[in-house]
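Residues per chain, in single letters:
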Amino acid sequence: EHINLENEIGYGSSVTVADGVYYIGGSSNPEADNDILFFSMENEKLTVKKVGELPFTLQNGVAVEKDGKLYIITGKQNGAASDKMFSYNLATGDVKELASFPGGPRTQAVGQILNGELYVFSGGTAVAYTDGYKYSFDTNTWTEVASVEIDGKGISLIGANSVKLNEKEMLVIGGFDKTVWDDANKNLGSLKGKKLAEYKAAYFGADPYEFNWNKNILIYNAEKDTWSTMGEITFDAPCGAGLSVIGNKVFSINGEIKPGIRTDRMYTGTILKK
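Parameters at a glance
- Residues numbered from 1 in each chain as written.
- Predicted model: local features only at pLDDT ≥ 70, side-chain atom pairs only at ≥ 80, totals over all residues.
- Heavy atoms only, no water.
- Helix = DSSP H or I, 4+ residues; strand = E, 2+ residues; numbered from the N terminus.
- Rg over C-alpha atoms; globule rule 2.2 N^0.38 Å.
- Buried < 20%, exposed > 50% of the residue type's maximum accessible area, 1.4 Å probe, protein only.
- Contact = heavy atoms within 4.5 Å.
- Areas by Shrake-Rupley, 256 points an atom, 1.4 Å probe, with all protein chains shown as cover.
- Pairing = 2+ DSSP bridges.
- Axes fitted to C-alpha atoms, helices over the stretch in contact; angles between N-to-C directions.
- Expected span 1.5 Å × (residues − 1).
- Polar contact = N/O pair within 3.5 Å; in protein donor to acceptor, adjacent residues only side chain to side chain.
- Parallel < 35°, antiparallel > 145°, perpendicular 65-115°, else oblique.
- Left-handed = near helix turned anticlockwise from the far one by under 90°.
- Nonpolar A, V, L, I, M, F, W, Y, C, P; charged D, E, K, R; others polar.
- Phe/Tyr/Trp six-rings, centres within 6.5 Å; stacked < 30°, edge-to-face > 60°.

S.K.: I'd love a proper account of the overall build of the protein, names of residues and values included.
M.R.: Looking only at helices and strands, one finds 2 helices and 26 strands in the protein. Since a compact globule built from 274 residues should have a radius of gyration of about 19 Å, the 19 Å found for the protein is in line with a globular shape. The principal-axis extents of the C-alpha atoms in the protein amount to approximately 55 × 45 × 40 Å. Here the protein, with 274 residues, has 46% of them falling under the buried criterion. Considering only contacts within the protein whose residues lie at least 6 apart along the sequence, 44% involve residues at least 24 apart. With an accessible surface of roughly 14,300 Å², the protein has 48% of that area assigned to carbon and sulfur atoms.

S.K.: Give a description of the sheet that holds strand β1 (residues 13–17) that names residues and reports values.
M.R.: Strand order in the open sheet formed by 4 strands is β1-β2-β3-β4, and the pairing between neighbours is antiparallel. Edge strands, defined here as strands with exactly one partner in the open sheet, are β1 and β4 (45–53). Within the sheet, the average angular offset between the axes of one strand and its neighbour, ignoring direction, is 20°. Where strand β3 (residues 35–42) and β4 come together, 8 bridges link them in antiparallel fashion. Pairing of Ser40 across the sheet is with Thr47, part of β4.

S.K.: Outline the sheet that holds strand β18 (residues 161–164), listing residues and values.
M.R.: In space, the 4 strands of this open sheet follow the order β18-β19-β20-β21, with antiparallel pairing throughout. Edge strands, defined here as strands with exactly one partner in the open sheet, are β18 and β21 (226–232). Strand-to-strand, the axes of this sheet are offset by a mean angle of 25°, without reference to chain direction. Bridge count between β18 and strand β19 (residues 169–173): 4 bridges; the pairing is antiparallel. Bridge pairing links Asn161 to Ile173 in β19.

S.K.: An account of helix α1 (residues 178–190) is needed here, citing residue identities and associated values.
M.R.: Relative to the 18 Å expected for 13 residues at 1.5 Å per residue, α1 spans 18 Å between its end C-alpha atoms, a close match to the ideal helical length. Looking at α1, one finds that the buried residues are Val180, Trp181, Asp182, Ala184 and Asn187. Against the buried residues of α1 lie α2 (193–205). Near the N-terminus of α1, the side chain that reaches the backbone nitrogen of Thr179, with its oxygen 3.1 Å away, is that of Asp177.

S.K.: Explain the environment of Ile271 residue by residue, including any values.
M.R.: When you line up the elements, Ile271 lands in the segment after β26 (266–270). Sequence separation between Ile271 and Leu191 is 80 residues; the distance between their C-alpha atoms is 46 Å.

S.K.: Explain the packing of α1 against α2 residue by residue, including any values.
M.R.: Between α1 and α2, the shortest axis-to-axis distance is 10 Å and the interhelical angle comes to 150°. Considered as vectors, α1 and α2 are oriented roughly antiparallel to each other. The two elements α1 and α2 cross, and the hand of that crossing is left-handed. Here Val180, Asp183, Ala184, Asn187 and Leu188 of α1 lie close against α2, whose contacting residues are Leu196, Tyr199, Lys200 and Tyr203. Counted by class, the contact of α1 with α2 contains 6 nonpolar, 1 polar and 2 charged residues.

S.K.: Please give an account of the packing of aromatic side chains that cites residues and values.
M.R.: Per the stated rule, a full pass over the model turns up 19 aromatic pairs. Arranged with centres 5.5 Å apart and planes meeting at 50°, the rings of Tyr119 and Tyr220 form a pair that is tilted. Taken together, the positions of Tyr119 in strand β13 (residues 117–121) and Tyr220 in strand β20 (residues 216–221) put the pair 101 residues apart, joining distant regions of the chain. The same class applies to Tyr119 and to Tyr220, which are both buried. With centroids separated by 5.0 Å and ring planes inclined at 50°, the aromatic side chains of Phe176 and Trp213 adopt a geometry described as tilted. One end of the pair, Phe176, is in the loop between β19 and α1; the other, Trp213, is in the loop between α2 and β20, and 37 residues separate them in sequence.

Right, here's the structure in full:
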């Protein structure tokens, strides 16, 4: 199926439910950057409908659905990195502000609902973060959980994507290297003239492997509060890729393989049961 949308979209947040996918914000048209769209199949045809809108624009945020409500956390809200969290009632359109994310304002974090609670990890602003927190829907409170770390080394998940494997585990692929991210933001924001031009030429001209993006296939277990790796992907680590799971198949779709360079490739992996 192929359809054309009324507005270009990108950098929004998608939430898969039983009968379709919600897509929130992420439009290059400022007037549509707060839209809530719903994609579904009707009479074997792909359809999209606007089902609501937020009182703020949204890009690169975390969103989940629970009990008929969308929850929107962090991201760029009204043009600035935010730590705010809101619920949107799909039946009534009511918006409610909830407890703020305790890690501070950030964009490009990853999150999933596991064991009935919301887990959010990493993201960044001028610096990359590796921390993690869980949110209780019952008490409207946040609690710190294990940071993203393998063998004692923190891993940034900026630009990574995640999928829920089961009630207690999520899988994550990709992520911008923390050292490279922090260094690039510092230099791009402070260098001037010839030095800035030279840095940009070297930075944007580097090969994908030089950016050291995360190639680990990461698993977070909410029951044990632990991170582990299933090994490494065999392709260039992506940022901003689509990630989907169908049965025991995981699909990584497009994304960047280095800053400013996107790929049209799609990969699939099979999760084998022990």
